[in-house]
Amino acid sequence: MPESKSLRMPHNLIMEDRKRLLVSGVQDVDCFDEQTVILYTSMGRLVIQGRGLHVNALNVDTGEFSMEGDFTALTYAEEEKGRFGFLSRLFR
């Protein structure tokens with residue numbers, strides 16, 4: 001997802017008892033189901049994993065996102081630019 005530096009929102013995570021998660025700086029939700037939620041934030045792509053995940057609210061104007069469930073992992077994924085490196089350039 002393209003990121004506009006001029007519209008960068010502060011990014012914070014607040015987790016309560018591994019059951020409730022509040023995230024600020026959310027720009028978009030890529031996909032979600034009961035086990036995985038993928039968010040695009042001002043600090044990169046955030047992958048949230050767990051069981052029984054439920055999205056409570058998303059406000060794209062303010063970048064606020066909240067959800068509940070049993071969280072097992074939160075991972076920031078690096079951008080996949082140039083993912084294939086030398087071989088992709090060689091076989092264009």
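Provided above is the structure to which this section pertains.
Thresholds, definitions, all that
- Residues numbered from 1 in each chain as written.
- Predicted model: local features only at pLDDT ≥ 70, side-chain atom pairs only at ≥ 80, totals over all residues.
- Heavy atoms only, no water.
- Pairing = 2+ DSSP bridges.
- Helix = DSSP H or I, 4+ residues; strand = E, 2+ residues; numbered from the N terminus.
- Axes fitted to C-alpha atoms, helices over the stretch in contact; angles between N-to-C directions.
- Salt bridge = Lys/Arg side-chain N within 4 Å of Asp/Glu carboxyl O.
- Buried < 20%, exposed > 50% of the residue type's maximum accessible area, 1.4 Å probe, protein only.
- Patch = residues over 30% accessible without salt bridge, like charges linked within 9 Å, V, L, I, M, F, W, Y side chains within 5 Å.
- Areas by Shrake-Rupley, 256 points an atom, 1.4 Å probe, with all protein chains shown as cover.
- Core = buried A, V, L, I, M, F, W, Y, C linked by side-chain atoms within 4.5 Å.

Student: How would you summarise the sheet that holds strand E1 (residues 12-16) if you had to cite specific residues and measurements?
Tutor: Read from one edge to the other, the open sheet built from 6 strands follows the order E1-E2-E6-E5-E4-E3, with strand pairing classed as antiparallel. This sheet does not close on itself; its edge strands, each paired only once, are E1 and strand E3 (26-32). The average angle at which neighbouring strand axes cross in this sheet is 40°, direction not considered. Here E1 runs beside strand E2 (residues 20-24); their pairing, made up of 5 bridges, is antiparallel. Looking at E2, one finds that leucine 13 is bridged to valine 23.

Student: Kindly report on the pattern of salt bridges, identifying the contributing residues and their values.
Tutor: It is possible for side chains of opposite charge to pair when their charged atoms get near one another. Evaluation of the coordinates by the stated rule reveals 2 salt bridges. Ionic pairing is found between aspartate 70 and lysine 19, a salt bridge with its closest N-O pair at 3.6 Å. One end of the pair, aspartate 70, is in strand E6 (residues 64-77); the other, lysine 19, is in the loop between E1 and E2, and 51 residues separate them in sequence. Taking the relative accessible area as the measure of exposure, lysine 19 reaches 46% and is therefore partly exposed. One salt bridge connects aspartate 70 with arginine 51, and the closest N-O pair in it is separated by 2.6 Å. Residue aspartate 70 is located in strand E6, and its partner arginine 51 is located in strand E5 (residues 44-59); the two are separated by 19 residues in the primary sequence. If you follow the salt bridges from partner to partner, you end up with Lys19, Arg51 and Asp70 in one network.

Student: Describe a nonpolar patch on the surface, listing the residues and the values that go with them.
Tutor: Together, Leu13, Met15, Met43, Leu74 and Tyr76 make up an exposed nonpolar region whose accessible area comes to about 430 Å². By the element assignment, methionine 43 lies in the loop between strand E4 (36-41) and E5. On the basis of relative accessible area, methionine 43 is assigned to the exposed category, the value being 54%.

Student: Please provide a residue-by-residue account of the nonpolar core, values included.
Tutor: Listed in full, the 12 residues of the largest apolar core are Leu21, Val23, Val26, Val29, Val37, Leu39, Leu46, Ile48, Leu53, Phe65, Met67 and Phe71. Listed by contribution, the elements that provide at least two residues to this core are E2, E3, E4, E5 and E6.

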